[in-house]
Protein chains: 2
Amino acid sequence: MRRPDHQTTTLTAEAVLAPYLREQAACFLRGLRLHREHSAPADAGTQSADEAARALRHAARRISGTLHTFRGALEPAWSDQLRAELAWLSGTLAREHAYATRLGRLLEALHQLSGASLPAARTPSGDGPDGSDKERAALGVGTARAGALLERRLTLARTRAHSAALQALGSSRFHAVADAVALLASEVPLSAAAAEPAASVLHAPAELAEQRMLDAVAALPPDEAVEPYNEAQDALWHQARLLLRLHRYAHEMLRGAPDPALAGPGHALDLHRDASEAAAAASAAARTPRIAPTTAYALGVLHADQRHEVEAARAVFRETWPYAAAVTAP
Amino acid sequence: MRRPDHQTTTLTAEAVLAPYLREQAACFLRGLRLHREHSAPADAGTQSADEAARALRHAARRISGTLHTFRGALEPAWSDQLRAELAWLSGTLAREHAYATRLGRLLEALHQLSGASLPAARTPSGDGPDGSDKERAALGVGTARAGALLERRLTLARTRAHSAALQALGSSRFHAVADAVALLASEVPLSAAAAEPAASVLHAPAELAEQRMLDAVAALPPDEAVEPYNEAQDALWHQARLLLRLHRYAHEMLRGAPDPALAGPGHALDLHRDASEAAAAASAAARTPRIAPTTAYALGVLHADQRHEVEAARAVFRETWPYAAAVTAP
């Protein structure tokens, strides 16, 4: 936090922290109620069920992030415990969504591959290389098969994740989490420090969250020596994404809204994560035993396309990153 | 040609055209002599043999382009005949070079694919997706096999093209071309119009060559609706490349040097052609019967990479193109 906030300089930490946590807890409980209403098998994957799950994940991430960043103002054992349980829950709920997103992304990319036929734009002279029709045909056969293979694999994974999420939501472990969040909605377990002014209790942890984000971004590999298929570097970018998110929640709590300058970079890191995981899914599908070479070929094209999207997302991140010199410019 | 050239306003067409053609004819004959000296089987593919072939192609293209653009100032039947024969010769000589370039380009791309391992940059936390090592391994197996397959196919094609070039250079058809070029080196067969001022005879055809280039560039598909794998559009770009080259030779003849503003766009169109043909070669190799899925997968990655290079070359062309509004900007 660069500028002290007027509101937080005069209020206690409790007066800033507790309403935010209560609001997020209320969102969590509302999402849970909606999710129960729409969790009949017939509703699986409907918009209402998806929205309920999204609201649950959204609130769980914010509660968890706040417990992490402002641990000093909260009852420590209680918040560590809840944070671990929320991480388990968010992870379980996020998986189903992630498989659905990944499948949609890959099928869309395959569709672009096979649908891009432009016979009207054929050569006006005879000077072009021959074989472009054959290329297209080879891709066409493979994309259909690759699409079917990915759909089979990711739908299966999604169905399993859906069952796991339903099972988790019916478990006694989950009921304990829901009880803890219900407590949070009425009475936030604070430490003694929460009675002190917000400026002295909350600003230092928020600045630390910001600094950790800046450090993670500074540690990203420079753009000069970009090599293709640098999957080993993805983890550093995923790490930067998580730290940007923690900073965003801290900012949101202290200022009432996320930092607009970080919307672009944050979105780029989300796309980066999606493309990186889609590339890995294409690559994993290509390791299916006994697939046809045309299928493998299309999956190779898909893998390369998604890796190019990874690079594109990194470029957008660099272009939109608002802090000078934190990332080496291209 | 936008500005009239001082020299060509006072000289006859012959005084501008004949020295240029004589010089190119001398280059052709020198290249031919060098090629004969280095065409022993032991020299095949050596730097000297390559340089001799390059000099031959270089001169043949310029003579052919000049005969085409300034046909009105030359004896028409003679120049049409020589132009057709030079096209045959350049085509035959270019094939060997093209296969060698394509193989080099594809092996280099495969090398980047398999060599990009960065274990030192591994994740500092456990947050990254697993599977990146498996992805790399799957690519590794396939890239080695794909490299071997491409090397086999393109070396075979190159060897055949080399034999065909040697056979062409020993043919009576070639001796007739060499005789015609030898004539050109001493006495250029001109039409009556060549006695008139250069400005009235040469400027209009040069402007036409420029206009045809501008029209071809204006006819390129706009950048807004870029679809991946638009192989059907490549021919329009190849056509623009040929017309840019004809304009360049006309400029070179009239002004003594090529237009420096077109060096960037011309280079981009060369790269475009190379990447387009390399992508087609990867795709053609993937149609080899009974290849392993890992090989097909690597060829798919390679195909996609080369198509991305096609797009990148188009972007560079658009950025470096010196005429406003001729190509829709991105």
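Since we're looking at a predicted model, the values are computed, not measured. (Residues numbered from 1 in each chain as written. Chains lettered and ligands numbered in written order. Predicted model: local features only at pLDDT ≥ 70, side-chain atom pairs only at ≥ 80, totals over all residues. Heavy atoms only, no water.)

1. A word on the overall build of chain A
When you go through chain A residue by residue, the secondary structure sums to 10 helices and 0 strands. Listed by position from the N terminus, the elements making up chain A come as α-α-α-α-α-α-α-α-α-α. Relative to its 330 residues, chain A shows a buried fraction of 49%. Long-range contacts, defined as pairs at least 24 residues apart, comprise 84% of the intrachain contacts of chain A with a sequence gap of at least 6. (Helix = DSSP H or I, 4+ residues; strand = E, 2+ residues; numbered from the N terminus. Buried < 20%, exposed > 50% of the residue type's maximum accessible area, 1.4 Å probe, protein only. Contact = heavy atoms within 4.5 Å.)

2. With respect to the nonpolar core
Leu299 of chain A together with Leu299 of chain B are the most contacted members of the largest nonpolar core, which has 47 residues in total. Contributions of two or more residues to this core are made by α4 (76–115), α5 (132–169), α9 (263–286) and α10 (293–320) of chain A together with α4 (76–115), α5 (132–169), α9 (263–286) and α10 (293–320) of chain B. Viewed by domain, this core spans two of them, domain 1 (11–115 + 147–195) and domain 2 (197–324) of chain A, each represented by three or more residues. Setting aside residues up to four positions removed in sequence, Leu299 of chain A forms contacts with Ala146, Leu149, Leu150, Ala282, Ala285, Ala286 and Ile291 of chain A together with Tyr297 of chain B. (Core = buried A, V, L, I, M, F, W, Y, C linked by side-chain atoms within 4.5 Å. Domains from an automatic or database assignment.)

3. Concerning the pattern of salt bridges
All names here are of chain A. Enumeration over the complete set of coordinates arrives at 22 salt bridges over all chains. With its nearest N and O atoms 2.7 Å apart, the salt bridge here joins Asp234 to Arg307. Placement of Asp234 in helix α8 (residues 234–255) and of Arg307 in helix α10 is noted, with a sequence separation of 73 residues between them. Classification of Asp234 by relative accessible area gives buried; the value is 3%. Residues participating in the shared-partner salt-bridge network are Glu231, Asp234, Arg307, Glu311 and Arg314. (Salt bridge = Lys/Arg side-chain N within 4 Å of Asp/Glu carboxyl O.)

4. Brief notes about the environment of Leu243 of chain A
Residues and elements named next belong to chain A. Topologically, Leu243 is positioned in helix α8. Owing to a relative accessible area of 9%, Leu243 belongs among the buried residues under this scheme. A sequence separation of 29 residues divides Leu243 from Leu214, and the C-alpha atoms of the two residues are 8.7 Å apart.

5. A short note on the packing of aromatic side chains
Following the criterion strictly, the structure yields 6 aromatic pairs over all chains and no others. Aromatic side chains Trp321 of chain B and Tyr323 of chain B sit 5.1 Å apart centroid to centroid with 50° between the ring planes, which places their arrangement in the tilted category. Each member of the pair Trp321 of chain B and Tyr323 of chain B is classed as buried. Linked through ring pairs, Trp237, Phe317, Trp321 and Tyr323 of chain A together constitute an aromatic cluster. If you follow Arg173 of chain A out to its NZ or CZ, it ends over the ring of Trp88 of chain A, 4.1 Å from the centre. (Phe/Tyr/Trp six-rings, centres within 6.5 Å; stacked < 30°, edge-to-face > 60°. Lys NZ or Arg CZ within 6 Å of the ring centre and 35° of its normal.)

6. A short note on the side chain of Arg62 of chain A
Mapping Arg62 of chain A onto the fold places it in helix α3 (residues 47–69). Non-local contacts of Arg62 of chain A, meaning those with residues more than four positions away in its chain, are made with Tyr20, Gln24, Arg248, Tyr249 and Glu252 of chain A.

7. Section: the confidence of the model for chain A
All names here are of chain A. Within chain A, residue pLDDT values average 87, and 85% of them lie at 70 or more. Averaged pLDDT values for the elements of chain A fall to 60 in helix α1 (residues 6–10) and rise to 96 in α9. When the criterion is pLDDT under 50, residues 117–130 qualifies, and its contacts beyond four places in sequence or with other chains add up to 20 contacts. Contacts from residues 326–330, a stretch scored under 50 in pLDDT, to residues over four places away or in other chains number 13 contacts. (pLDDT = per-residue confidence, 0-100.)

8. Notes on unusual backbone geometry
Phi at Arg290 of chain A is positive, roughly 60°, even though this residue is not glycine. With respect to the helices and strands, Arg290 of chain A occurs in the loop between α9 and α10.

9. With respect to the packing of helix α2 (residues 13–37) of chain A against α3 of chain A
Residue and element names in this part refer to chain A. Running from N to C, α2 and α3 point in directions that differ by 155°, and their axes come no closer than 8 Å. Between α2 and α3, the crossing angle belongs to the class labelled roughly antiparallel. Judged by the sense of rotation from one axis to the other, the crossing of α2 with α3 is left-handed. Here α2 contributes Leu17, Tyr20, Leu21, Gln24, Ala25, Cys27, Phe28, Gly31, Leu32, Leu34 and His35 to the contact with α3, which in turn contributes Ala49, Ala52, Ala53, Ala55, Leu56, Ala59, Ala60, Arg62, Ile63, Thr66 and Leu67. Split into classes, the residues belonging to the contact of α2 with α3 amount to 17 nonpolar, 4 polar and 1 charged. (Axes fitted to C-alpha atoms, helices over the stretch in contact; angles between N-to-C directions. Parallel < 35°, antiparallel > 145°, perpendicular 65-115°, else oblique. Left-handed = near helix turned anticlockwise from the far one by under 90°. Nonpolar A, V, L, I, M, F, W, Y, C, P; charged D, E, K, R; others polar.)

10. Description of the side chain of Ser191 of chain A
Relative to the helices and strands, Ser191 of chain A is located in the loop between α6 (172–186) and α7 (198–218). A polar atom in the side chain of Ser191 of chain A sits 2.7 Å from the backbone oxygen of Gly72 of chain A. (Polar contact = N/O pair within 3.5 Å; in protein donor to acceptor, adjacent residues only side chain to side chain.)

11. Thoughts on α7 of chain A
Its 21 residues give α7 of chain A an end-to-end C-alpha distance of 29 Å, which sits within 8% of 30 Å, the value for a rise of 1.5 Å per residue. Burial in α7 of chain A covers these residues: Ala198, Val201, Leu202, His203, Pro205, Ala206, Ala209, Glu210, Met213, Leu214, Ala216 and Val217 of chain A. (Expected span 1.5 Å × (residues − 1).)

12. Considerations on the packing of helix α8 (residues 234–255) of chain B against α9 of chain B
Residue and element names in this part refer to chain B. At a closest axis distance of 10 Å, the pairing of α8 and α9 adopts a crossing angle of 140°. Taken together, the axis directions place α8 and α9 in an arrangement best described as oblique. Helix-helix and strand crossings are classified by hand; for α8 and α9 the assignment is left-handed. Facing α8, whose interface residues are Asp234, Trp237, His238, Ala240, Arg241 and Leu244, α9 presents Pro265, Gly266, Leu269, Asp270, His272, Arg273 and Ser276. When grouped by side-chain class, the residues that make up the contact of α8 with α9 number 5 nonpolar, 4 polar and 4 charged.

13. Details of the environment of Ala53 of chain A
All names here are of chain A. Within the secondary structure layout, Ala53 lies in helix α3. Looking at Ala53, the relative accessible area reads 12%, which means it is buried. For the pair Ala53 and Phe28, spaced 25 residues apart in sequence, the C-alpha separation works out to 9.7 Å.

14. Some details on the environment of Thr101 of chain A
Residue and element names in this part refer to chain A. In this fold, Thr101 is placed in helix α4. For Thr101, a relative accessible area of 31% gives the class partly exposed. Along the sequence, Thr101 and Ala278 sit 177 residues apart, while their C-alpha atoms lie 9.0 Å from each other. Here His97 takes part through its backbone oxygen, which lies 2.8 Å from a polar atom of the side chain of Thr101.

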